[in-house]
Amino acid sequence: MSAERAGGGAGRRIIVALDYPEPGQALRMAERLNPAACRLKVGKELFTRGGPALVEQLMTRNFSVFLDLKFHDIPNTVAAACKAAAALGVWMINVHTQGGRRMMEAARASLAGFQHPPLLIGVTVLTSMNAQELREVGHLEPPQMLVQRLARLARDSGLDGVVCSAQEASMLRTAQGPDFLLVTPGIRPTGAPSDDQQRVMTPPQAIAAGSDYLVIGRPITGAADPLMALADIRRSIGEKNAD
Ligand code: C5P
């Protein structure tokens, strides 16, 4: 599935992470942003507080929503959760690839009845985990090999792409070809503080490495002028700000 077709329009590669504890804060930020210029990500904290009502309010404002709940459970449960998420009408959902082939295939199958199913994305290895922590949970191979293997499994299981670090994007782009979506957090414009992100890339670097979508939170939501911050980032990756 191509990114353009799936995304319903070119030129919106920035996914703004609405990492707020309160739905009101998320809605106020959404009010300031233009749905023609970006998409929005709702994660576990915000969804747990704001629920489907918040997601619906964002979609009513014409935003494409990435519901970042990283489902990881037995195949039957994950399939049911994906179906429930798809029924909300969101644009993108995700599951943990370490749930295995049958779980991912069940997730894919659960979306078959939807006329406009969300993009189904896999999380390979949490970028917060280092090699030592991965060994502790039984992953003895180097992290990059594990990422490669899980991305291949995700693709074989029918997923549309993976979330990965921008540092892994060029490796995955080469291995998986042009149609596999790469969604990358850990993005920082030149000069922006890296906050708690360990290895960051600038937006143009991430696009050059093969990323399709850039998940960006604080450099936009924490900016004195979020609209201008978003416009600057869009300009840096060649998106037109006329809309
Ligand atoms: O504020 P910042 O740009 O660092 O936000 C990045 C977003 O991407 C957050 O919502 C974070 O949870 C998410 N994320 C990440 N690293 C991953 C997966 C998700 O930073 N490996």
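Fair warning: this is a prediction, and the values are worked out from it, not measured in the lab.

K.L.:
Any details on the site of the ligand? Residues and values, ideally.
P.N.:
In the vicinity of the ligand, the contacting residues are Ala 17, Asp 19, Lys 41, Thr 127, Pro 185, Arg 188, Gln 197, Val 215, Ile 216, Gly 217, Arg 218 and Pro 219. Between the ligand and the protein, one listed contact pairs an oxygen atom with a side-chain N or O atom of Gln 197 at 2.8 Å. Here the ligand has 470 Å² of accessible area as a free molecule, and 81% of this is covered by the chains. Contributions of two or more residues to the shell around the ligand are made by β8 (213-216) and α10 (218-221). Its residues assigned to classes, the shell around the ligand shows 5 nonpolar, 3 polar and 4 charged.

K.L.:
Can you explain the packing of helix α2 (residues 23-32) against helix α3 (residues 44-60)? Please cite residues and give values.
P.N.:
At a closest axis distance of 9 Å, the pairing of α2 and α3 adopts a crossing angle of 35°. Here α2 runs over α3; the crossing is right-handed. Contact with α2, carried on its side by Pro 23, Ala 26, Leu 27 and Ala 30, involves Leu 46, Arg 49, Gly 50, Leu 54, Gln 57 and Leu 58 of α3 and no other residues of that element. In terms of residue class, the contact of α2 with α3 is made up of 7 nonpolar, 2 polar and 1 charged.

K.L.:
Which residues make up helix α5 (residues 101-110), and what are the values?
P.N.:
Three or more residues of α5 are buried, namely Met 103, Met 104, Ala 106, Ala 107 and Ser 110. Projection of α5 onto a plane perpendicular to its axis shows the buried side chains occupying an angular sector of 160°, all on one side. In α5, the exposed residues that point more than 90 degrees away from the buried face are Arg 102 and Ala 109. Contacts made by the buried residues of α5 are with β3 (65-71), α4 (75-87), β4 (92-96), β5 (119-123) and α7 (143-156).

K.L.:
I'd like a rundown of the confidence of the model for the chain, residues and numbers included.
P.N.:
Do not read the predicted coordinates in detail wherever pLDDT is low. Mean pLDDT over the chain works out to 94, with 95% of the residues at or above the 70 mark. In the model, residues 1-9 has pLDDT below 50 throughout and makes 16 contacts with residues more than four positions away in sequence or in other chains.

K.L.:
Describe the nonpolar core, listing the residues and the values that go with them.
P.N.:
By size, the foremost hydrophobic cluster in this structure holds 63 residues, and its most contacted members are Ile 14, Leu 40, Leu 58, Leu 67, Cys 82 and Val 95. Per-element accounting of this core gives the leading share, 6 residues, to α3. Among all residues touching Leu 58, those that are not within four sequence positions of it are Leu 18, Leu 27, Ala 30, Leu 40, Val 42, Phe 63 and Val 65. Among the nonpolar cores identified, the runner-up in size contains 13 residues, and Val 123, Leu 181, Val 183 and Tyr 213 belong to it.

Parameters at a glance
- Residues numbered from 1 in each chain as written.
- Predicted model: local features only at pLDDT ≥ 70, side-chain atom pairs only at ≥ 80, totals over all residues.
- Heavy atoms only, no water.
- Near = heavy atom within 4 Å.
- Polar contact = N/O pair within 3.5 Å; in protein donor to acceptor, adjacent residues only side chain to side chain.
- Areas by Shrake-Rupley, 256 points an atom, 1.4 Å probe, with all protein chains shown as cover.
- Helix = DSSP H or I, 4+ residues; strand = E, 2+ residues; numbered from the N terminus.
- Nonpolar A, V, L, I, M, F, W, Y, C, P; charged D, E, K, R; others polar.
- Axes fitted to C-alpha atoms, helices over the stretch in contact; angles between N-to-C directions.
- Left-handed = near helix turned anticlockwise from the far one by under 90°.
- Contact = heavy atoms within 4.5 Å.
- Buried < 20%, exposed > 50% of the residue type's maximum accessible area, 1.4 Å probe, protein only.
- Arc of directions from axis to C-beta.
- pLDDT = per-residue confidence, 0-100.
- Core = buried A, V, L, I, M, F, W, Y, C linked by side-chain atoms within 4.5 Å.

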